[in-house]
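Structural characterization, general
Chain by chain, the residues:
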Amino acid sequence: MPAYAEFIQKYPVYDRTHDIDELRERDYPRLDRTGQVYLDYTGGGLYAESQLRLHQQVLADHVFGNPHSSNPTSMAATTLIESARLSILQFFHADPAEYTVIFTQNASGALKLVGESYPFAPGDRYLLTFDNHNSVNGIREYAHSRGAEVTYIPVCLPDLRIDTEALEAGLDTAAAGKNNLFAYPAQSNFSGVQHPLEWIERAHARGWDVLLDVAAFVPTNPLDLGLYKADFVPLSFYKIFGYPTGIGALVARRESLKKLHRPWFAGGTITVASVQGDKYYLAEAPAGFEDGTLDYLNIPAVEIGLDHIRAIGYETIHQRVRCLTGWALDNLSAMRHSSGVPLVRVYGPLDTVQRGGAVTLNFYDRSDSPVDIRLVDQAASQHNISLRTGCFCNPGAGEIALGISKPELAACFTRSGDERLSYDDFRLCIDNKASGAVRVSMGLVSNFEDVQMLLKFAEGLLQ
Ligand SMILES: Cc1ncc(COP(=O)(O)O)c(C=O)c1O
């Protein structure tokens, strides 16, 4: 049976997503014109040409001034900024009376805002999953430096999901009358695993504030903050619709923001600041959390991007990505060398239940040794395939997936101060083990041909 017919037989829902094929032809022609096989949607989304045109039109039609004023051009900028804020809240079903949107540079900027302002003190807790982006891991440095206790909840092989018992035990450690922050990703940028959103209320009930990292989740899954009321929700817009880069948000519950103490003030964040009086008054959120001048010329493009996603519909995007991910997993995991050794080892679930479109794996040769990810990267690039190699800023999931133990890591991390450990030193230190992995991720305008190109590339590695 031809591959496409077999695919449709197995994933019939794909047939209902052909609007995206037309959209790709119309609005993303550069993809097929340049022959690029884009498989790094978890790294960054792709923009449609229509988004650029609409944005350019907004800029061409209006005169915008710095929004920190009340003159007409300033007010024109403010109007579009406030409209974008409202649009973001609506997009995530967040009640404006309960939530607000703080614009940041990216998801990491949103996470830093929480880290530096969360009132960690001795006796407080920071609980987080092994499976987290480094920008969530980095918050532990604020917790450590202010004497709070940091605890990690491990993920389990082979699916890299959280051990529910360990999670419950972790949640039971909230310190009464203290500040307790629990952080996890709605979708792993390493394994594609989707962690249950039901944890939010379970954590709230036991006294935790919840930071839900949705950066890898919202590009292909709807988020309903009316149902799942996380306190702090960081994200980057380029991951959802590709353009503009440089804008993210912290969507946050107004009540939870009252708990945060900013460590400084800046232009735009205060109602009044005095030099001689040595005093300042922080503005209410969101202004109190937005340092300096917002990217007011690009923020209108966020609303355009949200409208673009709305017009396509999350159901179509989600189903399409689910089908393509399933097909990639089915085929990659079935490939065998002539020696009988499987070509790939996938880190994460092999089916499409509660997982997104990121598939992380390593290639193995016929004698079952890992193929150096740098060679895979080079070979893929020669085929115009954009994939990602490394640990994707998620060392916790990577260490468990690759079987790198705590003592092995301790032996490598003996250098301190200015003696930096390079990636090559690290590889040598953990000897023959794979020190990273290969990630392919499907997204908004991925199609069957993209996945077939990946499979053809993988077949070329068979010995
Ligand atoms: C789950 C997750 N969180 C946070 C981030 C950080 O996003 P940014 O680099 O846009 O700040 C990423 C980026 O890949 C991510 O995948």
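One structure accompanies this document, and this report is about it. Only a predicted model underlies this, so the values are computations on that prediction, with no experimental measurement involved. Numbers given to residues run from 1 along each chain, matching the order in which its sequence is written. With pLDDT at 70 or above as the cut-off, local features in this predicted model cover only qualifying residues; side-chain atom pairs require 80 or more to be listed or tallied, and sums for whole chains, interfaces and linings still use all residues. Computation of side-chain values covers all heavy atoms of the structure but excludes hydrogens and water.

Here's the deal with the overall build of the protein chain
Keep this limit in mind: Note on conventions: DSSP H or I runs of at least 4 residues are helices, E runs of at least 2 residues are strands, and numbering of each starts at the N terminus. In this setup the radius of gyration rests on C-alpha atoms only. A globule is expected at 2.2 Å times the number of residues raised to 0.38. Think of it in three bands: with a 1.4 Å probe and only protein chains considered, a residue is buried below 20% of the maximum accessible area for its type, exposed above 50%, and partly exposed in between. Residue contacts follow a heavy-atom distance rule, with two residues in contact if any of their heavy atoms lie within 4.5 Å. Residues counted as positive are Lys and Arg, residues counted as negative are Asp and Glu, and His and the chain ends are not counted. Taken as the charge centre is NZ of Lys, CZ of Arg, CG of Asp or CD of Glu, depending on the residue.
Counting secondary structure elements, the protein chain contains 19 helices and 17 strands. For the protein chain, whose C-alpha radius of gyration is 23 Å, the value lies close to the compact-globule estimate of 23 Å for 463 residues. With the C-alpha coordinates aligned to their principal axes, the bounding extent of the protein chain is approximately 80 × 55 × 45 Å. When the 463 residues of the protein chain are sorted by exposure, 52% land in the buried category. Contacts in the protein chain between residues at least 24 apart in sequence constitute 71% of all its contacts with a sequence separation of at least 6. Across the protein chain, the mean location of the 40 positive side-chain charges is 2 Å away from that of the 55 negative side-chain charges.

As for the nonpolar core
To keep things clear, this is the line we draw: By nonpolar core is meant a set of buried Ala, Val, Leu, Ile, Met, Phe, Trp, Tyr and Cys residues that side-chain atoms within 4.5 Å join together.
Phe103, Phe182, Leu223 and Phe237 are the most contacted members of the largest nonpolar core, which totals 79 residues. The residues contacting leucine 223, other than those within four sequence positions of it, are Phe91, Phe92, His93, Leu197, Leu212, Val214, Phe217, Val218 and Val233. Membership of the second largest hydrophobic core comes to 36 residues, among which are Leu324, Ala328, Leu454 and Ala458.

So, the site of the ligand
Put simply, the rule reads: Here a residue counts as near a molecule or strand whenever at least one of its heavy atoms sits within 4 Å of it. Contacts described as polar in this section are N or O atom pairs within 3.5 Å, which, within protein, must combine one atom able to donate a hydrogen with one able to accept it, while residues neighboring in sequence count only if both atoms come from side chains. The Shrake-Rupley method, run with a 1.4 Å probe, gives the accessible areas here. Residue values count only the displayed protein chains as cover. Here the term charged refers only to Asp, Glu, Lys and Arg, the term nonpolar to Ala, Val, Leu, Ile, Met, Phe, Trp, Tyr, Cys and Pro, and the term polar to all other amino acids, Gly among them.
Around the ligand sit Asn106, Ala107, Ser108, His133, Asn189, Asp213, Ala215, Ala216, Ser236, Tyr238 and Lys239, and those are all the residues in its vicinity. Between serine 108 and the ligand, the recorded distance is 2.6 Å, taken from a side-chain N or O atom to an oxygen atom. Taking serine 236, its side chain carries an N or O atom lying 2.6 Å from an oxygen atom of the ligand. With the chains in place, 90% of the 400 Å² that the ligand exposes on its own is no longer accessible. Elements that contribute at least two residues to the shell around the ligand include exactly helix H6 (107-117) and helix H11 (238-241). In terms of residue class, the shell around the ligand is made up of four nonpolar, five polar and two charged.

Brief notes about the packing of helix H1 (residues 3-10) against helix H14 (residues 314-334)
To be explicit about the condition: Where helices are involved, their axes are fitted lines through C-alpha atoms of the stretch in contact, as for all axes, and angles between N-to-C directions lie from 0 to 180°. Put simply, a crossing is left-handed when the front helix is turned counterclockwise from the back one by less than a right angle, and right-handed when it is turned clockwise.
Direction vectors running N to C along H1 and H14 enclose 115°, while the axes themselves pass 10 Å from each other. As H1 runs across H14, the sense of the crossing is right-handed. Along the contact surface, H1 presents Ala3, Glu6, Phe7 and Lys10, while H14 presents Cys323, Leu324, Trp327 and Asp330. When grouped by side-chain class, the residues that make up the contact of H1 with H14 number five nonpolar, no polar and three charged.

A short note on the pairing of strand E7 (residues 180-185)
Selection criterion: Note on pairing: DSSP must find at least two bridges between two strands before they are called paired. With the strands pointing away from the viewer, any crossover whose connection runs clockwise from the first strand over the helix to the second is right-handed.
Along E7, six of the six residues are buried, which leaves the element largely enclosed by surrounding structure. Residues of E7 alternate between two faces, with Asn180, Phe182 and Tyr184 on one and Leu181, Ala183 and Pro185 on the opposite face, all of them buried. Both E7 and strand E8 (residues 209-213) contribute to a ladder of five bridges, which runs parallel. The residue of E8 that forms the bridge with proline 185 is aspartate 213. The parallel pair E7 and E8 is bridged by helix H10 (residues 199-205), and the resulting crossover is right-handed.

Description of unusual backbone geometry
At the junction of leucine 157 and proline 158, the peptide bond is cis and its omega measures out at 0° in the coordinates. Within the element layout of this structure, proline 158 appears in the loop between strand E5 (155-156) and strand E6 (161-162). That bond from tyrosine 243 to proline 244 is cis: its omega, 5°, falls within 30 degrees of zero. Mapped onto the elements, proline 244 comes out in the loop between H11 and strand E10 (248-253). One non-glycine residue, aspartate 368, adopts positive backbone phi at about 70°. Relative to the helices and strands, aspartate 368 resides in the loop between strand E14 (358-363) and helix H15 (373-382). Positive phi is not limited to glycine here, since asparagine 384 has a value of about 60°. Here asparagine 384 is to be found in the loop between H15 and strand E15 (385-386). What makes asparagine 384 partly exposed here is its relative accessible area of 32%.

Thoughts on helix H19 (residues 448-459)
Helical geometry note: an α-helix holds 3.6 residues per turn, so side chains three or four residues apart project in the same direction. What counts, and what does not: Each residue after the first adds 1.5 Å to the expected span of a helix.
Taking 1.5 Å of rise per residue, twelve residues should cover 16 Å, and H19 covers 16 Å from first to last C-alpha, within 8% of that figure. Those residues of H19 that fall on the buried side of the exposure criterion are Phe448, Asp450, Val451, Leu454, Leu455, Phe457 and Ala458. Capping the start of H19, asparagine 447 holds a side-chain oxygen 3.2 Å from the backbone nitrogen of glutamate 449, two or three residues further along.

A closer look at the packing of aromatic side chains
What counts is decided by this rule: Only the six-membered ring of Trp is used, alongside the rings of Phe and Tyr, when aromatic pairs are assigned; centres must lie within 6.5 Å, and planes under 30 degrees apart are stacked while those over 60 apart are edge-to-face, with the rest tilted.
Within the structure shown, the criterion is met by 21 aromatic pairs. Each ring, one from tyrosine 4 and one from phenylalanine 448, has its centre 5.0 Å from the other, and the planes form 75°; the classification is edge-to-face. You can see tyrosine 4 sitting in helix H1 and its partner phenylalanine 448 sitting in helix H19, a full 444 residues away along the chain. In this structure tyrosine 4 comes out as partly exposed when scored by relative accessible area, which is 32%. Residue phenylalanine 448 is classed as buried on the basis of its relative accessible area of 6%. Between phenylalanine 91 and phenylalanine 92, the ring centres sit 5.1 Å apart and the planes meet at 85°, which makes this aromatic pair edge-to-face. The pair formed by phenylalanine 91 and phenylalanine 92 is uniform in burial state, with each residue classed as buried. Members of the aromatic cluster, each reached through a chain of ring pairs, are Tyr4, Phe7, Tyr11, Tyr14, Trp327 and Phe448.

Let's talk about a nonpolar patch on the surface
Note the following rule: Patches here: salt-bridge-free residues with over 30% relative accessible area, like charges joined within 9 Å, nonpolar side chains (Val, Leu, Ile, Met, Phe, Trp, Tyr) joined within 5 Å. Salt-bridge detection follows one rule: a side-chain nitrogen of Lys or Arg within 4 Å of a carboxyl oxygen of Asp or Glu.
Together, Phe265, Tyr280 and Leu282 give the surface a local cluster of nonpolar side chains, amounting to about 240 Å² of exposed area. Within the secondary structure layout, phenylalanine 265 lies in the loop between helix H12 (254-257) and strand E11 (270-274).

Notes on the sheet that holds strand E16 (residues 388-390)
The strand order E13-E14-E17-E16 describes an open sheet built from four strands, whose pairing is antiparallel. Both edges of this open sheet fall to strand E13 (344-347) and E16, since each of them pairs with a single strand only. Strand-to-strand twist of the sheet, defined as the mean angle between neighbouring strand axes without regard to direction, takes the value 30°.

Let's talk about helix H13 (residues 299-312)
Across its 14 residues, H13 extends 21 Å between first and last C-alpha, which sits within 8% of the 20 Å expected from 1.5 Å per residue. For H13, the tally of buried residues reaches ten of 14 residues, placing the bulk of the element in the interior. Taken together, the buried positions of H13 are Ile299, Pro300, Ala301, Val302, Ile304, Gly305, Leu306, His308, Ile309 and Ile312. In this structure, the buried side of H13 is in contact with helix H2 (19-27), helix H4 (49-61), helix H5 (72-91), strand E2 (99-104), H11 and H14. Where H13 terminates, the next one or two residues include glycine 313, which has phi positive at roughly 95°.

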